[in-house]
Every structure is written in structure tokens, then in C-alpha cells.
Amino acid sequence: MKSKFLVVAALFMVIFFSCGGSGDNDPIGTIGVHKIVVELSGSDEVNVSVGFQDASNAKLYDSNGQYKGTLYSVDDKLKNVKKVVCSTDGKGNNLFVLLTMISIDEGTTCSYSIKAYINDKLVDELKGEKTFTSSSMSEMVELFTNER
């Protein structure tokens, strides 16, 4: 079930950004370094997938400055993933994150904080908590550095 869900999430990201602009012009002055920081806490039994892509297919880097390509994702149990950072090169124009949380254990919880920056300026923030129930075993959250 988890692998099917992650494939659907990845496909959503590819389709969404293939319809995006080319990033060649910058009508509102937002081309630059885009960064998203995802912080997670909660039960170790929650599986998380954090995927990133920029609308202009800018180069993506992790928190250690290592190049990750134009798509970057982290998939693991929450106990191994507490913080994920992704930033673009200086040519980013709309970094997107899709956070997917899955648990088959009723009553488990996961809290998240997602912060979006453009050129080191905080432009958006999203915080929440998910308690998993038998009728709601997954949650998807998305955030952009620029609203579409």
C-alpha cells in the first residue's frame, strides 16, 4: 500500500510541474534561492515521504549542500526522519513540497512544521498534527514557496 501511495504522490508532482511555466521571466521578482524546511515529530511507527521539485527544474540541494538533482525525496520511518531541508540554486522560482504521512496503527500521531523561504526571507509557514484513525490512515500536505 505504501509503495502505491508514494508512486501516486510522485506522479502528482511530475504532472503538476510539467504544466508549470518555464521560469524564464520573473514578473514578481521571486527568482532566487528557494528553501523549504520540514520538521517532524511523533510516533516512530509513522511512515513519511517528503518530495520536492521546483517549477523551473532548478538544481536541488539537501541541508548538507549535496546536489540531489531536479527531484528530491526522502522516504522512511519517522524515527529516521526528523528534519528535511531542500533549497534550489539561484534559479529557483517556485519550490514545492509534498509531505505524505502513513500509519496503520490507530492512535499514532505526527506533528509537522513546514517553512518556505525565498532568498532567506520567510514567505509561508504551515503547522499541524495528524492523529491516525481507522478511517484516516494517511495525510498529504503541500506547500509552495510562491502561491500558484
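If you're wondering where the values come from, they're calculated on a predicted model, not measured in any experiment.

(A) Spotlight on the sheet that holds strand β7 (residues 95-102). The antiparallel open sheet is built from four strands, whose spatial order is β5-β2-β7-β10. The sheet is open, and its two edges are formed by β5 (71-77) and β10 (138-144), each paired on a single side. Averaged over all neighbouring strand pairs, the angle between strand axes comes to 10 degrees, with direction disregarded. The pairing of strand β2 (residues 47-54) with β7 spans eight bridges and is classified as antiparallel.

(B) Representation of the side chain of Asn94 within the structure. Mapped onto the elements of the fold, Asn94 is located in the loop between β6 (83-88) and β7. Residue classification places Asn94 among the buried residues on the basis of a relative accessible area of 6%. In terms of polar contacts, Asn94 uses its side chain to reach the backbone amide nitrogen of Asn146, at 2.9 Å.

(C) Unusual backbone geometry, seen in detail. Its identity is not glycine, yet Asn57 carries a phi of approximately 55 degrees, on the positive side. In this fold, Asn57 is placed in the loop between β2 and β3 (60-61). Located in the positive-phi region is Asn119, a residue other than glycine, with phi close to 50 degrees. Here Asn119 is to be found in the loop between β8 (109-118) and β9 (121-131). For Asn119, a relative accessible area of 44% corresponds to the partly exposed category.

(D) Quick peek at the packing of aromatic side chains. In the structure shown here, the tally under the stated rule is three aromatic pairs. Here the aromatic rings of Tyr61 and Tyr67 are separated by 5.7 Å at their centres, their planes lie at 55 degrees, and the arrangement is tilted. Assessed through its relative accessible area of 23%, Tyr61 is described here as partly exposed. Between Phe96 and Phe144 the ring centres are 4.7 Å apart and the planes differ by 40 degrees, which places this aromatic pair in the tilted class. Here Phe96 is found in strand β7, whereas its partner Phe144 is found in strand β10, with 48 residues between them in sequence. The positively charged end of Lys35 is found above the aromatic ring belonging to Tyr117, 5.2 Å away from the centroid.

About the thresholds
- Each chain carries its own residue numbering, running from 1 in the direction its sequence is written.
- Totals for whole chains, interfaces and linings use all residues, but because this is a predicted model, local features are given only for residues with pLDDT of at least 70 and pairs of side-chain atoms are given and counted only at 80 or more.
- The side-chain values count all of the structure's non-hydrogen atoms but skip hydrogen atoms and water molecules.
- Pairs of strands are assigned from DSSP output, requiring at least two bridges between the strands.
- Secondary structure elements are taken from DSSP: a helix is a run of H or I of four residues or more, a strand is a run of E of two residues or more, and numbering for both begins at the N terminus.
- Note on method: axes are straight lines fitted to C-alpha atoms, helices fitted across the in-contact stretch only, with angles between N-to-C directions ranging 0 to 180 degrees.
- A simple rule labels every residue: compare its accessible area, found with a 1.4 Å probe on the protein chains alone, to the largest value its type can have, and call it buried under 20%, exposed over 50%, or partly exposed in between.
- Polar contact is the term for a pair of N or O atoms within 3.5 Å; when the atoms are in protein, one must be able to donate a hydrogen and the other to accept it, and sequence-neighboring residues count only if both atoms are side-chain atoms.
- Centre distance within 6.5 Å is the pairing criterion for rings of Phe, Tyr and Trp, where only the six-membered ring of Trp is used; planes under 30 degrees apart are then read as stacked, over 60 as edge-to-face, and the remainder as tilted.
- Ring-over charges, as used throughout, are those where CZ of Arg or NZ of Lys falls within 6 Å of the ring centre and within 35 degrees of the ring normal.

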